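# Coordinate inspection notes
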Amino acid sequence: MILILAAYIALLSFVVHKIAGNDKERWINAGYLTAFVLPLVIHFLILNIVGAITGAGMGASAAGLLFAVATSITGFVFLYIGYVSKAARNH
């Protein structure tokens, strides 16, 4: 499960880096979405999918919570990158 979590965070970081690029506002927007919206979606999706497949409600909830916390921490890193980086271009 740790390898799946690491692959998920790596894929999330790669996609956000490709989409945001050097735009400061996109990093900030991606950080807010990743830190506050995406963890709720991830938690409930994993809870419903893993819980239905395995029948383990508490285990699925723990896995969903782990993925949600990791997603939220990644979102805060994106926010930090967005607020600390200099704007590449002025709009």
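Predicted, not measured: the structure shown is a model, and the values here were computed from it. Sequence order as written defines residue numbering, which begins from 1 separately in each chain. Confidence filtering applies because this is a predicted model: local features only for residues at pLDDT of at least 70, side-chain atom pairs given and counted only at 80 or more, and all residues used for totals across whole chains, interfaces and linings. For side-chain calculations, the full set of non-hydrogen atoms in the structure is used, while hydrogens and water are omitted.

Nonpolar cores are built from buried Ala, Val, Leu, Ile, Met, Phe, Trp, Tyr and Cys residues. Side-chain atoms within 4.5 Å join them into one set. Relative accessibility thresholds used throughout: buried, under 20% of the residue-type maximum; exposed, over 50%; partly exposed, between the two (1.4 Å probe, protein chains only). Judged by nonpolar contacts, the single largest core of 14 residues is most densely connected at Leu5, Tyr8, Val16 and Phe67. Of all the secondary-structure elements, those providing two or more residues to this core are helix H1 (2-20), helix H2 (24-54) and helix H3 (57-84). The helix count covers DSSP runs of H or I at least four residues long, the strand count covers runs of E at least two residues long, and both are numbered beginning at the N terminus. Counting residues per element, this core draws most heavily on H1, at 6 residues. We call two residues contacting when some pair of their heavy atoms lies within 4.5 Å. For Val16, the residues in contact, after removing those within four places along its chain, are Gly21, Trp27, Ala30 and Phe78.

What follows covers the environment of Val37. Structurally, Val37 can be placed in helix H2. In the structure, Val37 is positioned 26 residues away from Ala63 in sequence and 18 Å away in space, judged by C-alpha atoms.

The next thing to look at is the packing of aromatic side chains. In this analysis, rings of Phe, Tyr and Trp, with Trp reduced to its six-membered ring, are considered paired at centre separations within 6.5 Å, and the interplanar angle assigns stacked below 30 degrees, edge-to-face beyond 60, and tilted for intermediate values. Summed over the entire model, instances satisfying the criterion amount to 4 aromatic pairs. Here the aromatic rings of Tyr8 and Phe67 are separated by 5.7 Å at their centres, their planes lie at 50°, and the arrangement is tilted. You can see Tyr8 sitting in helix H1 and its partner Phe67 sitting in helix H3, a full 59 residues away along the chain. Exposure class is identical for Tyr8 and Phe67. Each is buried. Aromatic side chains Phe36 and Phe76 sit 5.6 Å apart centroid to centroid with 85° between the ring planes, which places their arrangement in the edge-to-face category. Of this pair, Phe36 sits in helix H2 while Phe76 sits in helix H3, and the two are 40 residues apart along the sequence.

Per-residue confidence from the predictor is reported as pLDDT, a score between 0 and 100. Looking at the protein, the pLDDT average stands at 89 and 95% of residues meet or exceed 70. H1 holds the highest mean pLDDT among the elements of the protein, 94, whereas H2 holds the lowest, 90.

The next subject is the packing of H1 against H2. The angle between two axes is taken between their N-to-C directions and runs from 0 to 180 degrees, where each axis is a line fitted to C-alpha atoms and a helix contributes only its stretch in contact. Viewed as axis vectors pointing N to C, H1 and H2 meet at an angle of 145°, and their least axial separation amounts to 11 Å. Every pair of crossing elements has a handedness; the one defined by H1 and H2 is right-handed. Where H1 abuts H2, its residues Tyr8, Leu12, Val16, His17, Ile19 and Ala20 lie against Arg26, Trp27, Ala30, Thr34, Leu38 and Ile42. Each residue receives one of three labels: charged for Asp, Glu, Lys and Arg, nonpolar for Ala, Val, Leu, Ile, Met, Phe, Trp, Tyr, Cys and Pro, and polar for the others, Gly being one of them. In terms of residue class, the contact of H1 with H2 is built from 9 nonpolar, 2 polar and 1 charged. By definition, any crossing whose near helix is turned counterclockwise from its far helix by less than a right angle is left-handed, and any crossing with a clockwise turn is right-handed.

Moving on, we get to H2. Under the convention used throughout, the expected extent of a helix is 1.5 Å for every residue step, that is, one less than its residue count. Its 31 residues give H2 an end-to-end C-alpha distance of 42 Å, which sits within 8% of 45 Å, the value for a rise of 1.5 Å per residue. At Leu38, H2 shows its maximal kink, close to 45°; a proline, Pro39, follows between one and four residues later. Taken together, the buried residues of H2 touch H1 and H3. Following H2 by one or two positions, Gly55 adopts a phi angle in the positive range, close to 80°. Axes are fitted to the seven residues ending at a residue and to the seven starting at it; the angle between these axes is taken as the bend at that residue.

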